[in-house]
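Coordinates in review
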2 protein chains.
Amino acid sequence: MRRSIATVSLSGSLADKLTAAGAAGFDGVEIFENDLVAGDLTPEDVRRRAADLGLGIDLYQPFRDFEAVPPGVLAGGLRRAEHKFALMERLGATMMLVCSNVSPAAVDDDGLAAEQLKLLAERAAEHGIRIAYEALAWGRHVSDYLHAWRIVREADHPNLGVCLDSFHILARDTGPYAIETIPGEKIFFLQLADAPALPMDVLYWSRHYRCFPGQGDLDVAGLVASVLRTGYAGPLSLEVFNDIFRQAAAMRTAQDALRSLIALEEQVGERLGGASRPAALAPPPRPVVPSGFAFAELAVPDAGPLPRLLDGLGFTRTGTHAGKPVDLWEQGRARILLNRGSAESQDGPALGAIGLESPDPAASVKRAEALLSPVLPRLRGPHDAPLDAVAAPDGTELFFCRTRHPDHTSWTDDFTTGRRASEDAGGEITHIDHVALTQPWHHFDEASLFYRSVLGLRPHDSLELPDPYGLLRSRAVSSEDGGVRVALNVAYVGAHGGRPDAAWQHVALASRDIVAGARRLRAAGLSPLAIPENYYDDLEARHDLGTERHELLRELGLLYDRDEYGEFLHFYTATTGRVFFEIVQRIGDYRGYGAINAPVRLAAQHTRAQRVPPP
Amino acid sequence: MRRSIATVSLSGSLADKLTAAGAAGFDGVEIFENDLVAGDLTPEDVRRRAADLGLGIDLYQPFRDFEAVPPGVLAGGLRRAEHKFALMERLGATMMLVCSNVSPAAVDDDGLAAEQLKLLAERAAEHGIRIAYEALAWGRHVSDYLHAWRIVREADHPNLGVCLDSFHILARDTGPYAIETIPGEKIFFLQLADAPALPMDVLYWSRHYRCFPGQGDLDVAGLVASVLRTGYAGPLSLEVFNDIFRQAAAMRTAQDALRSLIALEEQVGERLGGASRPAALAPPPRPVVPSGFAFAELAVPDAGPLPRLLDGLGFTRTGTHAGKPVDLWEQGRARILLNRGSAESQDGPALGAIGLESPDPAASVKRAEALLSPVLPRLRGPHDAPLDAVAAPDGTELFFCRTRHPDHTSWTDDFTTGRRASEDAGGEITHIDHVALTQPWHHFDEASLFYRSVLGLRPHDSLELPDPYGLLRSRAVSSEDGGVRVALNVAYVGAHGGRPDAAWQHVALASRDIVAGARRLRAAGLSPLAIPENYYDDLEARHDLGTERHELLRELGLLYDRDEYGEFLHFYTATTGRVFFEIVQRIGDYRGYGAINAPVRLAAQHTRAQRVPPP
């Protein structure tokens, strides 16, 4: 199927937008009128440039407030239309979007609307142009697609069909299944957008919060499956109005957009099943869901306090890389690499790479590549085990590994063995429970789609966490069994690179005896992040855990949460550079991340960091 | 009346919040529980620190999900309450806010709610504590204040009253007049917030978009007048949840908040009228609405291209300041100062000061001072005329002047006269029509309140303008007769100091013959900002102005708009540093600013500036 994108979805000048859409690999674009009107390129320039980039001009849009009006207003509309038809001929565009009238001049008369749209289609036909009529969710009289279709059917002209838009249809909870009652050849165009479930007026929601399919909460795949069942064979075209994408770099947004379409096509193919799946929807390689964390690698300018901290947490340095200044620290299946060879970051130590246990590392990379993730070059020495890696949107390197598995070379083979830790040597810490990565605020949706589509992780609900200097948004993605959990946090809007407090990262280590772990840390002369007494007073008010347990939590600085499945105990280490550790113990089948305690943690970290907001 | 603020309205640690509230001059605070729980200060520390800052602790809040529950749940609620009463004794707080139950455990039974609240009030009374019961707009069964009052009346306990919150009442369109049926002594507390009219769910709206009174669209003053008519004599307390204030510096937000309360009290006093106005509401000096612009002063590192540009626009250099490197350029009543003595700005020329014609400059300053505006020191030489000036929130200096008025010394007396321009010498430009100032994105509401309250200007609707790199928000404020118009623009969220394209400023000059003006500029060898041909093609489609007029607009690069009152022609000069000029001609009684053409202007400016978005 043709893959298209509306120019309004991308930032910059029209030339920038075309370049980005072409570079990402789209087949066509919708030209959004304002992008043309405000730009220096003549329609002929646009036509030529698009052709050079391999892009068709699949739609010119929008033409507004035309149908169901008194005769005097109609004359003005036809006059406007003739101007636009002339323009489209210069552009080489043959399809015009007409959206349902929102003006007070519109009359609630379907017969009149049909008659006038037919007249428009006749005029369009003289220019070889077709009209796609779309019901805006906030149209004055026509606001759902079946209503638009009834008018188009009544007008009965070969150059008039409907344009369907997933946002307008799904935002109104109109059942998409009725789409299948429309003949495929009368669906002239299909526009796609997703949106997060936000409780607001549909127009405001549409103008500010649309996102690419898979980034929101609408069932776009189900809708596309219904459309394809009608025999529709036109473009799948993304049309997204989003405050953040408007500010982001167009090249990057276009790639994010195309990744979204590829993942969407895969889902649609699954909905349709093998037999009725259009040949055009050849699926990418299946995702290979990682089963756990192989390691977390910290880029450290020098070892600094980390070896002492890891030692205090019960880790053992078990090896050093044969060819690079990288140390391996282990405890159970939790492995931390300290890479002293990395370029010094201005923020100090940072989490640079994550190893994921994959049943088939090569297949993991193929999947990532098919979803447009940058595959990292294998810069390895003659003795290194092959490592397959891709870059996540925030630059974190993801390595796909099979650690110490008989059928596969293991990255651990590159490390000269010091003391070899048994994987069940009785340490309190058993494995990496999750990692939390702060995303740049304008790449949050992209990151969430990346982890979902490339790794096959399941996104959880978004949360808002009050920080002393703004609201943070947090969304976890995880594998079904919880073997891999990544918490994506986004800094408050407006925070930027110069403010390291907005970019904390952490590695959460699962403990089977957090009380022993906390005591061990203290015995090593190290303190966990100090938790205020007020927190414990409040905890006692909220939960009656018995005097002894309350006193233990308070003494050791442990935080507490519970849900309907179990309990959660956790504490944090001090922050070094951008990084800190969290030690967690899940009791029963607790499913969360202790988010209720995040504001307390954030306040304590700000107090330590002594950071202040901008003036 | 006591002026209070909830700590949740300010950013930072609880210590930061108290310091800011004290420094701004508040009398008291509401302690938001999370601020205490997450902080290091013990309740005793908070009590001491507040006392040192002259702040009372007027409320402890919120206590949630207490009333109208089954017996087992009640026991837990009473247990929680006893913990909080003990905490409040340590804090020295004697009023606790209980908000209406939102939990699924709540029963729809007013009798049960009254009975359990009475029990709570009895327990509170033992600690000398009073309970203020508030209906949350999203309460499960109790969501309006009259319902809360009926329950309180039924419970009938001296330690139980209602808390009224302007947001919860006005957001639900509940008529505030019924407040006057509640006895004043049963209104225990009054919380105030405003909000812009935004079409969204009330909970989402409340949590993200509240603002200080006068910054939004709710009639907070009317509500407060109703409350005061009951005899209520407690605090006026600001409680604002706002995504932007959470990120801004607390000291600055606290001052903005107190300015809002002062302006609110003035409005309330007017509503109540002289006789029933409480003595505590002594009004500040009346605003002195400026009648026009006296001058615009550009800070320029060196003269650069500006003299040639001003000459091309028909200005004459009429004088130089006796003691400073400042040139005066005049045409009609339009006056531009080029100040070559200012420190070089990294962005090049910038609009540093604006002169406003005031009927009484000294009274203008008194008003500004009463509303907490920084009055600028008068650094003048022995021969300078006195100039009264204050700083606007974005740092622009506002000078209050009486230019060449027989009863008053004139700032122009400081300028040695070169060629003296007559004020009606037949130039096309007659006066400054408006100035447009881009505000830092986190100070937009503050700026809007400043111009409204300090200068008595009237705010117009907010507009959204699509720029190639984000949505800009724009709001004009003007005097009734349009003599002073200021367009406040806000850069897209996230844009910051390092991106000068987000901080353009401009001076719009009113012309009585824009065609002659445009020809004159071209004759001087200068070009206006180039407008794309596509704009004129689209204009012809939208409006039928006759071939001749369309050709004239196209030839001269003029932009066009109209509204129901008249027409508007305008063009822009090239940008120098942060500044450009706009030439406008209002035909008939056109009231706008040509906002429909702003996207075309912004795209053209970006094309010229060759600026790119961040990666």
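Residues numbered from 1 in each chain as written. Chains lettered and ligands numbered in written order. Predicted model: local features only at pLDDT ≥ 70, side-chain atom pairs only at ≥ 80, totals over all residues. Heavy atoms only, no water.

As for the overall build of chain A
Spelled out, the test is: For the purposes of this entry, the term helix denotes a DSSP run of H or I that reaches at least four residues, the term strand denotes a run of E that reaches at least two, and both are numbered from the N terminus. Every radius of gyration here is taken over C-alpha atoms, with the globule rule written as 2.2 Å times N^0.38, N being the number of residues. Burial status follows relative accessibility: with a 1.4 Å probe on protein chains alone, a residue under 20% of its type maximum counts as buried, one over 50% as exposed, and anything between as partly exposed. The contact criterion used is simple: two residues touch if any of their non-hydrogen atoms lie within 4.5 Å. Computed with a 1.4 Å probe, the accessible areas rest on the Shrake-Rupley method; for each residue, only the protein chains presented here act as cover.
Assigned secondary structure in chain A consists of 17 helices and 24 strands. On C-alpha atoms alone, chain A measures out to a radius of gyration of 28 Å, which is about the 25 Å that the 2.2 N^0.38 rule sets for 615 residues. A total of 615 residues make up chain A; the buried ones form 61% of that total. Partitioning the intrachain contacts of chain A with sequence separation of at least 6 by distance along the chain shows that 73% fall at a separation of at least 24. For chain A, the accessible area works out to roughly 22500 Å², and carbon and sulfur atoms hold 50% of it.

Examining the pairing of strand β18 (residues 458–467) of chain A
Residue and element names in this part refer to chain A. Inclusion rule: At least two DSSP bridges between two strands are needed for those strands to be called paired.
In this structure, β18 lies alongside strand β19 (residues 470–478), joined through 8 bridges in antiparallel fashion. Along β19, the bridge assignment pairs Leu463 with Ser474. Connecting β18 to the next strand, β19, in antiparallel fashion are 2 residues.

Some remarks on the UniProt feature "binding site: Mg(2+)" (unreviewed entry) in chain A
All names here are of chain A. Counted only if it meets this: UniProt positions are given in the numbering used here, feature names are shortened, and annotations may be inferred rather than shown by experiment.
Feature annotation in UniProt assigns "binding site: Mg(2+)" (unreviewed entry) to the following positions: His434, His506 and Glu582. Taking the farthest pair of C-alpha atoms as the criterion, the annotated set spanning 149 residues converges on one region, since that pair is 9.3 Å apart. Mapped onto the secondary structure, His506 falls in strand β21 (residues 505–511). Contact partners of His506, with chain neighbours within four places excluded, come to His434, Val435, Ala436, Phe580, Glu582 and Arg601. As for its placement among the helices and strands, Glu582 is situated in strand β24 (residues 579–588). Classification of Glu582 as buried rests on a relative accessible area of 2%. When neighbours within four sequence positions are excluded, Glu582 is seen to be in contact with His434, His506, Val507, Ala508, Leu509, Phe568, His570, Phe571 and Tyr572.

Regarding the sheet that holds strand β16 (residues 415–417) of chain B
Residues and elements named next belong to chain B. Threshold: As a rule, the C-alpha atoms of each element are fitted with a line to give its axis, helices using only the stretch in contact, and angles between N-to-C directions run from 0 to 180 degrees.
Read from one edge of the open sheet, 8 strands run β14-β15-β13-β9-β12-β11-β10-β16, paired in mixed fashion. This sheet does not close on itself; its edge strands, each paired only once, are β14 (388–391) and β16. If you compare each strand with its neighbour and ignore which way they point, the axes differ by 25° on average. Each of β13 (350–357), β14 and β15 (397–401) touches helix α13 (residues 444–455); the most contacted strand, β15, lies at about 20° to it.

Quick word on the interface of chain B and chain A
Selection criterion: Note on definitions: buried area is the accessible-area loss of two parts on being combined, 1.4 Å probe, summed for both. Here, a salt bridge means any Lys or Arg side-chain nitrogen found within 4 Å of an Asp or Glu carboxyl oxygen.
Taken residue by residue, the interface counts 60 residues in chain B and 60 residues in chain A. In total, chain B and chain A occlude about 4700 Å² of area from one another, counting both sides; carbon and sulfur atoms represent 54% of this. The tally of links between chain B and chain A comes to 6 salt bridges. The residue Asp544 of chain B makes a salt bridge to Arg79 of chain A at a minimum N-O spacing of 3.9 Å.

Some thoughts on the confidence of the model for chain A
Residue and element names in this part refer to chain A. The condition that has to hold: pLDDT is a residue-level measure of predictor confidence that goes from 0 to 100.
For chain A, mean pLDDT is 89; residues scoring 70 or higher make up 92% of the total. A low-confidence stretch, residues 495–501 stays under pLDDT 50, and its non-local contacts, those more than four residues away or across chains, total 12 contacts. Low pLDDT (under 50) marks residues 611–615, which in the prediction has 17 contacts with non-local residues, meaning those over four places away or in another chain.

Focus: the domain arrangement of chain A
Put simply, an interface is often sized by how much accessible area is lost when its parts join up. Residue and element names in this part refer to chain A. Selection criterion: What fixes the domain bounds is an automatic or database domain assignment. Definition of a polar contact: a pair of N or O atoms within 3.5 Å, with one able to donate and the other able to accept a hydrogen when the atoms are protein atoms, and with sequence-neighbouring residues admitted only if both atoms are side-chain atoms. Here the nonpolar group is Ala, Val, Leu, Ile, Met, Phe, Trp, Tyr, Cys and Pro; Asp, Glu, Lys and Arg are the charged ones; every other residue, Gly included, is treated as polar.
Entries for chain A in the domain assignment read domain 1 (3–276) and domain 2 (292–609). When each unit is reduced to the centre of its C-alpha atoms, the spacing between domain 1 and domain 2 is 43 Å. On the side of domain 2, 16 residues touch domain 1, which itself brings 18 residues to the contact. For the pairing of domain 1 and domain 2, the buried interface totals around 1600 Å² over both sides, and the portion due to carbon and sulfur atoms is 53%. At the surface where domain 1 touches domain 2, the tally comes to 2 salt bridges. Here Glu446 ties to Arg252 by a salt bridge, and the two come within 3.0 Å at their closest N and O atoms. Put simply, domain 1 and domain 2 have 7 residue pairs in polar contact (both at pLDDT 80 or more) between them. Of the residues belonging to the side of domain 1 that touches domain 2, the class tally is 6 nonpolar, 7 polar and 5 charged.

A word on the relation of the copies chain B and chain A
Here the second copy of the chain follows from the first by a rotation about an axis and a shift along it. Inclusion rule: Copies overlap after least-squares fitting; the atoms used are the C-alpha atoms of residues with pLDDT of at least 70 in both.
Under the fitted operation, chain B is carried onto chain A by 0.0 Å of movement along the axis and a turn of 180°, and the coordinates agree to an RMSD of 0.0 Å. Considering both components of the superposition, the chain copies are consistent with a two-fold axis.

Comments concerning the packing of helix α15 (residues 533–542) of chain B against helix α16 (residues 547–556) of chain B
Residues and elements named next belong to chain B. Cut-off, in case you're wondering: Throughout, the term roughly parallel applies to angles under 35 degrees, roughly antiparallel to angles over 145, roughly perpendicular to angles from 65 to 115, and oblique to all others. Crossings are assigned a handedness: left-handed for a near helix turned anticlockwise from the far helix by less than a right angle, right-handed for a clockwise turn.
Viewed as axis vectors pointing N to C, α15 and α16 meet at an angle of 160°, and their least axial separation amounts to 10 Å. By the criterion of interaxial angle, the relationship of α15 to α16 is roughly antiparallel. Read as a crossing pair, α15 and α16 show a hand that is right-handed. Contacts between α15 and α16 involve Glu533, Tyr536, Asp537, Leu539 and Glu540 from the first element and His550, Leu553 and Arg554 from the second. Within the contact of α15 with α16, the residues separate by chemical class into 3 nonpolar, 1 polar and 4 charged.

Here's the deal with helix α9 (residues 220–229) of chain B
Residues that lie three or four places apart on an α-helix share one face, since the helix turns once every 3.6 residues. Residues and elements named next belong to chain B. Counting buried residues in α9 gives 9 out of 10 residues, a clear majority hidden from the surface. Buried within α9 are the following residues: Val220, Ala221, Gly222, Leu223, Val224, Ala225, Ser226, Val227 and Leu228. After α9 finishes, the residue Gly231 shows a positive phi value of roughly 100°.

Concerning the packing of helix α4 (residues 71–91) of chain B against helix α5 (residues 110–126) of chain B
Residues and elements named next belong to chain B. The geometry of α4 relative to α5 is characterised by a closest axis approach of 11 Å and an angle of 30° between their N-to-C directions. One way to sum up the angle between α4 and α5 is to call them roughly parallel. Between α4 and α5 the crossing geometry is right-handed. For the pair formed by α4 and α5, the contact residues are Leu74, Leu78, Ala81, Glu82 and Phe85 on the first element and Gln116, Leu119, Leu120, Arg123 and Ala124 on the second. A breakdown of the residues in the contact of α4 with α5 according to their chemical character gives 7 nonpolar, 1 polar and 2 charged.

Here we look at the pattern of salt bridges
Overall, the coordinates contain 66 salt bridges over all chains when judged by the stated rule. Between Glu44 of chain A and Arg90 of chain A there is a salt bridge, and its shortest N-O distance comes to 2.7 Å. Pair noted here: Glu44 of chain A is in helix α3 (residues 43–52) and Arg90 of chain A is in helix α4 (residues 71–91), with a separation of 46 residues, a long-range link. In this structure Glu44 of chain A comes out as partly exposed when scored by relative accessible area, which is 30%. Arg90 of chain A sits in the partly exposed class, given a relative accessible area of 31%. Among the ionic pairs, Glu330 of chain A bridges to Arg404 of chain A, the shortest N-O distance being 2.9 Å. Here the residue Glu330 of chain A occupies a position in strand β11 (residues 326–331), and Arg404 of chain A occupies one in the loop between β15 (397–401) and β16 (415–417), the gap between them amounting to 74 residues. Of the residues examined, Glu330 of chain A reaches a relative accessible area of 2% and is grouped as buried. Arg404 of chain A sits in the partly exposed class, given a relative accessible area of 28%. Taken together, the salt bridges that share partners define one network made up of Glu44 and Arg90 of chain A together with Glu533, Asp537, Glu540 and Arg554 of chain B.

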